Amino acid sequence: MTATHAPDARPLRLVVISAGTSVPSSTRMLADRLTSATREALKRHGQDVDVTVLEVRGLAHEVVDATFTRFPGDKLRAALEEIARADGVIAVTPTYNQSFSGLFKSFFDVIDPGTLTGVPVALGATGGTVRHSLSIDFALRPMFAYLKADVVPTSVFAASEDFGAVATGGDGDSLASRADRVGTELADFMLRFAGVTGGAVAPTRADEGRGRRSDDDEFGDFVPMGDLLGGAS
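Residues numbered from 1 in each chain as written. Predicted model: local features only at pLDDT ≥ 70, side-chain atom pairs only at ≥ 80, totals over all residues. Heavy atoms only, no water.

## Details of the overall build of the protein
- A tally of regular secondary structure across the protein gives eight helices and seven strands.
- Here the protein, with 233 residues, has 43% of them falling under the buried criterion.
- The long-range fraction of contacts in the protein, counting pairs at least 24 apart against all pairs at least 6 apart in sequence, stands at 78%.
- In the form shown here, the protein has an accessible surface area of approximately 12,100 Å², with 53% of it arising from carbon and sulfur atoms. (Helix = DSSP H or I, 4+ residues; strand = E, 2+ residues; numbered from the N terminus. Buried < 20%, exposed > 50% of the residue type's maximum accessible area, 1.4 Å probe, protein only. Contact = heavy atoms within 4.5 Å. Areas by Shrake-Rupley, 256 points an atom, 1.4 Å probe, with all protein chains shown as cover.)

## Side note on the pairing of strand E2 (residues 49–55)
- The pairing of strand E1 (residues 12–18) with E2 spans seven bridges and is parallel. Its bridge partner lying in E2, valine 16 is registered against valine 53. (Pairing = 2+ DSSP bridges.)

## Quick notes on the packing of aromatic side chains
- Scanning all chains against the criterion turns up five aromatic pairs.
- For the pair phenylalanine 100 and phenylalanine 104, a centre-to-centre distance of 6.2 Å together with 35° between the ring planes defines the contact as tilted.
- What makes phenylalanine 100 buried here is its relative accessible area of 18%.
- An angle of 55° between the planes, with centres 6.4 Å apart, marks the rings of phenylalanine 104 and phenylalanine 144 as tilted. Of this pair, phenylalanine 104 sits in helix H4 (residues 102–109) while phenylalanine 144 sits in helix H5 (residues 135–146), and the two are 40 residues apart along the sequence. Pair check on accessibility: phenylalanine 104 and phenylalanine 144 agree, each one buried. (Phe/Tyr/Trp six-rings, centres within 6.5 Å; stacked < 30°, edge-to-face > 60°.)

Written out as structure tokens, the structure is:
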């Protein structure tokens, strides 16, 4: 697929959300792999990309404050504005108790409803053992489906043993191969979302409403139960 540009086409905006809590962090390492794969895939289409990395650990205090006050601090507000402008998002969390971390969930709890509607999202998670690998499918995917994000088909779970493992040629299950697959899918979704490719059908950032719906739009056709039952005998 060849990307089609206007002469003054802007770089696409990719926001990377890493909820690792340590330094260095395997969660950040996985996020960086997915970012590199996406950048390379977009480059193959001749498309530039601006990447913003959000370390949720550095926003933890403001996330907690915003949970209670609903008013984000300066750093958190800037982070949320980056997400609102994104053409694509990479979200990576460590796995705790077979699910996403509380910090990861709390961060997405303070994002305004509708912000991620239609936005391409790639998911990743890390954990000590592959026994936690299904956490993406039963924890992360349902949450992002509720947020109405457009999640790419492939996700990556990276166990401790995946980092530093030597991949043999043609090993489709290696961390590098899986990351490349996610990067390719996310790049395609981002190009379509931004309206860069011909025949784009997804909501685009160039649209007036950016494909989003407010809470008022969401329930604009709501009919109270009493009215529904009004004609019942």
